[in-house]
Amino acid sequence: MATKFGAKSTTEDVLAGIDLKGKRILVTGVSAGLGVETARALVAHGANVVGAARDLEKAKRATAEVSKAAAANGASFELTELDLASLKSVRAAADKLVADGRLFDVIIANAGVMATPLGKTEDGFETQFGTNHLGHFVFVNRIAKLIEDGGRLVNLASSGHRFSNVDLNDPNFETTPYEPFLAYGRSKTANILFAVAFDQRHRERRVRAAAVHPGGIQTELARHMDPAQMGQMVKQINEEAAAEGKDPFQFKTVPHGAATSVWAAVIAPAEEVGARYCENCHVSDVVADDARLGLLDEGVRGYALDPENAKALWKKSEEMVGERFA
């Protein structure tokens, strides 16, 4: 399907003229950055949004404008506590929503961490795999029955998935030397594979799942990176771009970055984005695992969309968290 949107589209461009009144949407990670903008854009067009965050006081401060936008547009905005690095918190948050019983049209699994030092979650999982993947895996599966027939799941992934496939033999880096971006890559590949497997399991009731890459944005996500390291990375990207005759890298704004999330959630046809990876407000092409890609290039590695890889990750994830899901 042709689209008029692209890398320079904002949330307001994507949602122009769209009325979301009556839609109920859950967004995780609403204490900063993309989560806040995603929630703001949705309520500004009439959607009722539930925002999940680990630190509710921080989230309240960060979403003050979201609450104002909701009130001005006949929408609602509420917060719920969710610490993805703690399965106790994840299960409590899910149980609270299930007990409430209200359904969602869309779940946007936006929260995440990047390039953290070697560490473990409360349950002993490597921090990035445990937070970015396993926390959402348990949370979303526990509330899956709350997704309306014909609803959607959108998982925030990253072009960082191209750093690495998942390693189901050593997900917690017990034998592999730890590298922050290697771990990040594994977790982002897992986010995509989770969408693929979830889509397969729920499409019989027209619930579809997609993964999205928001692009390079300066948010709190990079708080674990040394500014000098970030500067060196941008320098390397631009040297590669210059050598290939490409324009230099420019960070996206937060409204640019959140555009693909809302596009995949409420604009794109379900059959177009289901079990796919999207960036710059369109579905990405699959590129061979051994094809050379610069950091500015689009494309998704085949291993991240492989249904068998997705099934294997699902099984391993169930083993790790000690729960089985339909």
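As the structure is a prediction and not an experimental result, all values here were calculated from the model.

(A) The layout of surface pockets, seen in detail. For the second largest pocket, the calculated volume is near 160 Å³. Lining the second largest pocket, in full, are Val196, Ala197, Asp199, Gln200, Arg201, Arg203, Ala275, Leu305, Pro307, Ala310, Lys311 and Trp314. Mapped by element, the contributors of at least two residues to the lining of the second largest pocket are α7 (180–202) and α11 (307–321). At five residues, α7 tops the list of elements feeding residues into the lining of the second largest pocket. When its residues are assigned to classes, the lining of the second largest pocket shows seven nonpolar, one polar and four charged.

(B) Geometry of the pairing of strand β6 (residues 208–213). β6 sits mainly inside the fold: six of its six residues count as buried. The alternating pattern of β6 places Arg208, Ala210 and Val212 and Ala209, Ala211 and His213 on opposite faces, both of which are buried. Here strand β5 (residues 147–156) pairs with β6 via five bridges, running parallel. When the bridges of β6 are listed, asparagine 155 appears paired with alanine 211. In the sheet, β6 pairs with strand β7 (residues 277–279) via three bridges, with the strands oriented parallel. Counted as the bridge partner of valine 212 is cysteine 278 from β7.

(C) Structural detail: the pattern of salt bridges. A full pass over the atoms with the stated rule returns 16 salt bridges. Here arginine 91 makes a salt bridge to glutamate 323, at a shortest N to O gap of 2.8 Å. With arginine 91 in helix α5 (residues 87–100) and glutamate 323 in the segment after α11, this residue pair connects regions lying 232 residues apart in the sequence. In this structure, the salt-bridge partner of aspartate 100 is arginine 102, at a minimum N-O distance of 2.8 Å. Taken together, the shared-partner salt bridges in this structure form one network comprising Arg24, Glu78, Asp100 and Arg102.

Cut-off values and rules
Residues numbered from 1 in each chain as written. Predicted model: local features only at pLDDT ≥ 70, side-chain atom pairs only at ≥ 80, totals over all residues. Heavy atoms only, no water. 1 Å grid on protein atoms, 1.4 Å probe; cavity = no way out; pocket = protein on both sides within 12 Å on 5 of 7 lines; lining within 4 Å. Points joined across faces, edges and corners; volume = space filled by probe spheres on them. Helix = DSSP H or I, 4+ residues; strand = E, 2+ residues; numbered from the N terminus. Nonpolar A, V, L, I, M, F, W, Y, C, P; charged D, E, K, R; others polar. Buried < 20%, exposed > 50% of the residue type's maximum accessible area, 1.4 Å probe, protein only. Pairing = 2+ DSSP bridges. Salt bridge = Lys/Arg side-chain N within 4 Å of Asp/Glu carboxyl O.

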